[in-house]
Amino acid sequence: MTSLKITPQRSAAVSFTEPFMDTGIAIVVALREGSISTTAFLQPFDVALWVMILLVLINGTAIFLFLFEWLSPYGFNMQLYPPTGHRFSLFRAVWLVYTILFGASTPFDQPRGFVSRALANVWALFSLVFLASYTANLIKFMIAEDVYHNLSGINDSRLTKAEHFRPPFKFATVPYGSTEENIKSNQPQMYRYMRQFNTDKVVSGVKLVKQGQLDAFVYDAKVLQYLAGQDMNCSILQVGNWFSMTGYGIAFPKNSKYLEKINRQVLRYREQGDLERMERFWFMGDCKRHVTDKEVSSDKLALKHVSSTFIMLLIGMGLSFVLVILEHFYFNYVRQHLRKVDRFGICGLISIVSNVNTKRNKTDANCV
């Protein structure tokens, strides 16, 4: 009794009983701990939603907030200059929107109009829902998931055209067995490529996969299923569909007098469910992951878990340097020309710079 597969070549030499267990050709790969993407903080929402929020909703809300304040009789009352003591502009509306969104406890100039204040409250409610949704979705993207080569089966392009991948996909089997013979007959190109990686034992091949020296190991499905179930740390995984389905049988010499008796017994075991119970007991159990005391407690956050936030901060610092340069350029070169062009003080609606427009005797009403 052994894991002897029923094949046409073997059937020509011996007589097999009815198959007592189904099997085929399967693939195992290593299961490795994945890394967190450097753009994980952007993944809770898709690109279209980010564009909608950052470009349309935030800026659109700021524009409408200032528009309602400009129309309100308690605000600008459709004038170029606000009432005395009211410091508000389009840029300050943008600052107000961002302050509410991120919950920053910084002082800001509030609008006076009833409609603009109502819009600010609606924006605060939206910000609450937005941040709650973002935080809830961010958690699953900040957890490193296990990664593996998700092969579809023996006809996967990574196996049939392994030499075309960079680096080349390395896989193997045990030579001189039914698995290699089947691949040799059905996939000759694959057979010629994988010979350089073949191992003499199944256990050796699985060990090479766990060590990363092989990307995959191809062999008898039931044997690989048993080894994957017995692996202490669940570090290997059977992937893809089984190929060349067959079964295990008991071999007898041709015209053996015991063949019919054993066949009847195999069929009786199958009808009574004994074979299914034994298969479920030995093969269907999950591997028992070895858990240490250190793994039981919550793992401390490492740099790989929060690297995306550091990258975001560095990008913000880089943009700040660029904005400082642009600010100096505006202050030293653009500002004086803008003062000549803006004769009506329209820029004061956009941004307020105190004590500039002294000619009009209107305080805080000119952006230059």
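Residues numbered from 1 in each chain as written. Predicted model: local features only at pLDDT ≥ 70, side-chain atom pairs only at ≥ 80, totals over all residues. Heavy atoms only, no water.

Draft legend 1. Spotlight on the packing of helix 3 (residues 90–102) against helix 4 (residues 114–141). Taken N-terminus to C-terminus, the directions of helix 3 and helix 4 make an angle of 40 degrees; their axes are 8 Å apart at the nearest point. When the axes of helix 3 and helix 4 are compared, the pair comes out oblique. Between helix 3 and helix 4 the crossing geometry is right-handed. Of the residues in helix 4, those in contact with Val97, Ile100 and Leu101 of helix 3 are Ala120, Trp123, Ala124, Ser127, Phe130 and Leu131. Looking at the contact of helix 3 with helix 4 residue by residue, the class counts come to 8 nonpolar, 1 polar and no charged. (Axes fitted to C-alpha atoms, helices over the stretch in contact; angles between N-to-C directions. Helix = DSSP H or I, 4+ residues; strand = E, 2+ residues; numbered from the N terminus. Parallel < 35°, antiparallel > 145°, perpendicular 65-115°, else oblique. Left-handed = near helix turned anticlockwise from the far one by under 90°. Contact = heavy atoms within 4.5 Å. Nonpolar A, V, L, I, M, F, W, Y, C, P; charged D, E, K, R; others polar.)

Draft legend 2. Fine view of the environment of isoleucine 36. Here isoleucine 36 shows up in the loop between strand 3 (32–33) and helix 2 (47–71). For isoleucine 36, a relative accessible area of 8% gives the class buried. Along the primary structure isoleucine 36 and methionine 142 are separated by 106 residues, whereas in three dimensions their C-alpha atoms are 6.3 Å apart. (Buried < 20%, exposed > 50% of the residue type's maximum accessible area, 1.4 Å probe, protein only.)

Draft legend 3. Summary view of the sheet that holds strand 7 (residues 236–248). Read across the open sheet, the 4 strands follow the order 5-6-2-7; overall the sheet is mixed. Edge positions in the sheet fall to strand 5 (171–172) and strand 7, since each of these pairs with one other strand and no more. Bridge analysis of strand 2 (residues 21–30) against strand 7 gives 8 bridges, and the strand direction is antiparallel. Following the sheet pairing, alanine 30 is matched in strand 7 by isoleucine 236. (Pairing = 2+ DSSP bridges.)

Draft legend 4. Broad picture of the packing of aromatic side chains. Going through the model one piece at a time under the given rule, you end up with 15 aromatic pairs. Between the aromatic rings of phenylalanine 130 and tyrosine 134, the centroid separation amounts to 6.4 Å while the plane-to-plane angle is 20 degrees, which identifies the pairing as stacked. Within this pair, phenylalanine 130 and its partner tyrosine 134 are both found in helix 4, separated by 4 residues, close to a single helical turn. Exposure class is identical for phenylalanine 130 and tyrosine 134. Each is buried. Through a chain of ring-to-ring contacts, the aromatic side chains of Phe45, Trp50, Trp123, Phe126, Phe130 and Tyr134 assemble into a single cluster. (Phe/Tyr/Trp six-rings, centres within 6.5 Å; stacked < 30°, edge-to-face > 60°.)

Draft legend 5. Inspection of the environment of leucine 42 at higher detail. Within the element layout of this structure, leucine 42 appears in the loop between strand 3 and helix 2. Taking C-alpha positions, leucine 42 is 8.4 Å from leucine 138, a pair spaced 96 residues apart along the chain.

Draft legend 6. Geometry of the pairing of strand 6 (residues 216–220). The element strand 6 is largely enclosed, with a buried count of 4 among its 5 residues. Strand direction decides the pairing type here: strand 2 and strand 6, joined by 4 bridges, are antiparallel. Counterpart to valine 28 in the pairing with strand 6 is phenylalanine 217. Strand direction decides the pairing type here: strand 5 and strand 6, joined by 2 bridges, are parallel. Residue phenylalanine 171 lies in a different strand from strand 6, and its bridge partner there is alanine 216.

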